[in-house]
Amino acid sequence: MADSPGALLSILRDGQARTRAELVQLTGLARSTVSQRLDALLLQRWIVPAEDTISSGGRPSTAFAFNPLARIVLAADLGVTHAHLAITDLHGAILAEHAGDLAIDKGPEPCLGWLLENFTKLLAECGHGLADVCGLGVGLPGPVDHQSGRPVNPPLMPGWDGFSVTTWLGSRISAPVLVDNDVNIMALGEHTAAGPQAGHLLFAKVGTGIGCGIIADDRLHRGARGAAGDIGHIGVPGSEVVCRCGNIGCLEAVAGGGALAARLRGEGLQTADARDVVRLVRAGDTRAIRLVRQSGRELGLVLASIVNFFNPSQIVIGGDLADAGEHLIAGVREVIYGRSLPLATQRLDIRPSALGARAGVTGAAAMVVDHVLAPDAVDQSVQR
Ligand SMILES: [Zn+2]
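Residues numbered from 1 in each chain as written. Predicted model: local features only at pLDDT ≥ 70, side-chain atom pairs only at ≥ 80, totals over all residues. Heavy atoms only, no water.

**Remarks on the coordination of the zinc ion**
Part 1 of the reasoning: Coordination of the zinc ion by the protein comes from His-233 (ND1), Cys-243 (SG), Cys-245 (SG) and Cys-250 (SG), over a distance range of 2.0 to 2.3 Å.
Part 2 of the reasoning: Here the zinc ion binds four donor atoms, and the angle range of 106 to 117 degrees at the metal identifies the geometry as tetrahedral.
Part 3 of the reasoning: In primary-sequence terms, the residues that donate to the zinc ion follow H-x9-C-x1-C-x4-C. Placement of His-233 in the loop between strand 13 (219-220) and helix 7 (251-255) and of Cys-243 in the loop between strand 13 and helix 7 is noted, with a sequence separation of ten residues between them. (Donors = N, O, S within 2.8 Å, 3.2 Å for Na, K, Ca; no water. Tetrahedral: all angles 85-135°; square planar, octahedral: opposite > 155°, others 65-115°. Helix = DSSP H or I, 4+ residues; strand = E, 2+ residues; numbered from the N terminus.)

Here it is as structure tokens:
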């Protein structure tokens with residue numbers, strides 16, 4: 001309903017305090033209706049009174065502002081070998097965080113148990129309890145059915161296929177649990193940080209594998225079955241490398257961090273993964289630098305077609321291999337600006353991740369906040 005408490009709260013979510021009179025003018029509702037809605041929101045602490053100082057003469061009238069501390073959010077970004085946890089307010093500001101090693105191949109129960117244990121510590125650290133938590137957002141390093149919260153044939157996550165992460169965690173924290181794959185939550189995080197100029201944003205994660213999160217018209221685009229953005233298995237013309245998926249010349253098999261590490265091992269270097277490649281680049285190893293730059297060009301080749309098709313305003317490059325600095329992005333830019341249509345590249349910004357290791361938790365928190373503060377959800381909360 002357009003005039004519901006939830007709809008009124010969505011006006012105040014921009015952070016600006018407004019008086020009763022201003023809200024009457026903005027909504028066109030009767031003063032008594034606005035007052036009723038405000039009372040309902042005050043009762044649930046979604047808003048707080050704020051003194052209006054610019055009132056013209058007479059006694060100051062009360063203004064009302066969104067209360068970002070009305071509830072807190074738990075956000076988790078689980079990678080293949082490490083995890084990042086954060087507690088945020090409803091604006092996404094981080095109140096406490098923890099990063100640590102966690103092997104996802106231990107299976108769901110040990111990993112999610114670790115997650116709960118560490119969230120309990122973090123809650124104590126910032127003086128909150130589970131009763132303050134409005135939801136938990138989780139990113140996982142594999143394909144996820146967002147609706148059911150279950151991983152779907154995740155190649156790097158033995159034991160997780162079909163496991164209901166939402167049910168397992170939801171029964172333990174008594175709050176909504178939302179699950180998505182890590183690239184999607186990173187795209188959401190970058191979109192939140194970049195603001196309105198990033199309505200059409202691609203987030204390319206280049207780690208061991210390669211994936212892409214898509215923001216279209218300010219919304220995450222998951223596709224019909226949640227597989228949108230799986231650019232790692234798009235073929236790179238001219239390559240004959242066999243991919244783990246069985247196809248030939250997949251981008252991931254040619255330009256992923258795992259592929260580069262393997263190629264350097266072939267030259268006698270000690271490189272187990274993407275991070276080792278980055279270490280070599282930072283040490284000035286010309287073989288590693290050359291490979292990373294070439295990897296950027298190959299990624300650019302795939303992204304150039306996507307730029308023509310999708311016309312993004314921003315391409316953000318993240319993931320372990322992005323830590324190799326300008327070498328990767330230089331390769332990407334070289335090919336995209338050379339091959340995409342001028343109209344599509346005129347105002348296209350290709351840049352490194354602004355949030356780095358925090359992109360995932362920022363996006364997981366944003367996913368929960370959007371769910372919890374959706375007008376319908378707020379309306380239900382005030383009816384309780
Ligand atoms: Zn493949």
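**Things to note about the nonpolar core**
Part 1 of the reasoning: Counting 41 residues, the largest nonpolar core has Leu-9, Trp-46 and Leu-90 as its most contacted members.
Part 2 of the reasoning: Counting residues per element, the ones that place at least two in this core are helix 1 (5-12), helix 3 (31-43), strand 3 (62-66), strand 4 (72-78), helix 6 (182-194), strand 11 (201-206) and helix 13 (359-372).
Part 3 of the reasoning: If you tally residues by element for this core, the top one is helix 13, at eight residues.
Part 4 of the reasoning: Of all hydrophobic cores here, the second largest spans 40 residues; its members include Leu-202, Ala-274, Leu-321 and Leu-348. (Core = buried A, V, L, I, M, F, W, Y, C linked by side-chain atoms within 4.5 Å. Buried < 20%, exposed > 50% of the residue type's maximum accessible area, 1.4 Å probe, protein only.)

**Structural notes on the sheet that holds strand 4**
Part 1 of the reasoning: Taken together, five strands build an open sheet; the order of strands is 6-5-4-7-10 and the sheet is mixed. The two strands at the open ends of the sheet, each matched to only one other strand, are strand 6 (94-101) and strand 10 (177-181). Each strand axis lies, on average, 15 degrees off the axis of its neighbour in the sheet, ignoring direction.
Part 2 of the reasoning: By the bridge criterion, seven bridges tie strand 5 (residues 82-88) to strand 6 in an arrangement that is antiparallel. Within strand 6, the position partnered with Ala-86 by the bridge is Glu-97.
Part 3 of the reasoning: Packing against the sheet, helix 5 (residues 165-173) makes contact with strand 7 (133-140) and strand 10, and its axis sits at approximately 150 degrees to strand 10.
Part 4 of the reasoning: Along the sheet face, helix 13 touches strand 4, strand 5, strand 6, strand 7 and strand 10 and points at about 135 degrees away from the line of strand 4. (Pairing = 2+ DSSP bridges. Axes fitted to C-alpha atoms, helices over the stretch in contact; angles between N-to-C directions. Contact = heavy atoms within 4.5 Å.)

**Regarding the pattern of salt bridges**
Part 1 of the reasoning: The tally for this structure, following the rule as stated, stands at 14 salt bridges.
Part 2 of the reasoning: A salt bridge links Glu-190 to Arg-351, with the shortest nitrogen-to-oxygen separation between them at 3.5 Å. Placement of Glu-190 in helix 6 and of Arg-351 in strand 15 (residues 349-352) is noted, with a sequence separation of 161 residues between them. Across this residue pair, the class does not change: Glu-190 and Arg-351 are buried.
Part 3 of the reasoning: For the salt bridge of Arg-293 with Glu-334, the shortest nitrogen-to-oxygen distance reads 3.5 Å. Taken together, the residues Arg-293 in helix 10 (residues 286-310) and Glu-334 in helix 11 (residues 326-339) connect sequence positions 41 residues apart.
Part 4 of the reasoning: Overlapping salt bridges, with partners in common, bring together Glu-190, Asp-349 and Arg-351 in one network. (Salt bridge = Lys/Arg side-chain N within 4 Å of Asp/Glu carboxyl O.)

**Focus on the state of the cysteines**
Part 1 of the reasoning: Here the structure, examined in full by the defined rule, presents zero disulfides.
Part 2 of the reasoning: For Cys-134, which is in no disulfide, the shortest distance to another cysteine sulfur is to Cys-126 and amounts to 13 Å.
Part 3 of the reasoning: On the basis of relative accessible area, Cys-134 is assigned to the buried category, the value being 9%. (Disulfide = S-S within 2.5 Å.)

**Regarding helix 4 (residues 108-125)**
Part 1 of the reasoning: Along its 18 residues, helix 4 runs 26 Å from first to last C-alpha, staying within 8% of the 26 Å computed at 1.5 Å per residue.
Part 2 of the reasoning: Those residues of helix 4 not exposed but buried are Pro-108, Cys-111, Leu-112, Trp-114, Leu-115, Leu-116, Asn-118, Phe-119, Leu-122 and Leu-123.
Part 3 of the reasoning: Check the buried side of helix 4 and you find it contacts strand 4, strand 5, strand 6, strand 7 and helix 5.
Part 4 of the reasoning: Just beyond helix 4, the residue with positive phi is Gly-127, at close to 70 degrees. (Expected span 1.5 Å × (residues − 1).)

**Some details on the environment of Ala-76**
Part 1 of the reasoning: Summarising the element assignment, Ala-76 is placed in strand 4.
Part 2 of the reasoning: Between the C-alpha atom of Ala-76 and that of Gly-235, which follows or precedes it by 159 residues, the distance is 32 Å.
Part 3 of the reasoning: Setting aside chain neighbours within four positions, we find Ala-76 in contact with His-84, Leu-85, Leu-115, Phe-119, Gly-137, Val-138, Gly-139, Ile-185, Val-361 and Ala-364.

**Remarks on the side chain of Asn-67**
Part 1 of the reasoning: Position of Asn-67 among the secondary structure elements: in the loop between strand 3 and strand 4.
Part 2 of the reasoning: With a relative accessible area of 11%, Asn-67 lands in the buried category.
Part 3 of the reasoning: With sequence-adjacent residues up to four places away left out, Asn-67 is seen in contact with Arg-45, Trp-46, Ile-47, Val-48 and Leu-90.

**Re the environment of Pro-196**
Part 1 of the reasoning: Position of Pro-196 among the secondary structure elements: in the loop between helix 6 and strand 11.
Part 2 of the reasoning: Each C-alpha atom, one on Pro-196 and one on Asp-132, is 30 Å from the other, the two residues being 64 residues apart in sequence.

**Some words on the sheet that holds strand 15**
Part 1 of the reasoning: A sheet is described by the order of its strands in space; here five strands give the open sequence 13-12-11-14-15, paired in mixed fashion. The open sheet is flanked by strand 13 and strand 15, the only strands paired with a single partner.
Part 2 of the reasoning: Here six bridges tie strand 11 to strand 12 (residues 210-216), and the two strands are oriented antiparallel to one another. Residue Phe-203 lies in a different strand from strand 12, and its bridge partner there is Gly-213.
Part 3 of the reasoning: Packing against the sheet, helix 11 makes contact with strand 11, strand 14 (314-318) and strand 15, and its axis sits at approximately 170 degrees to strand 15.

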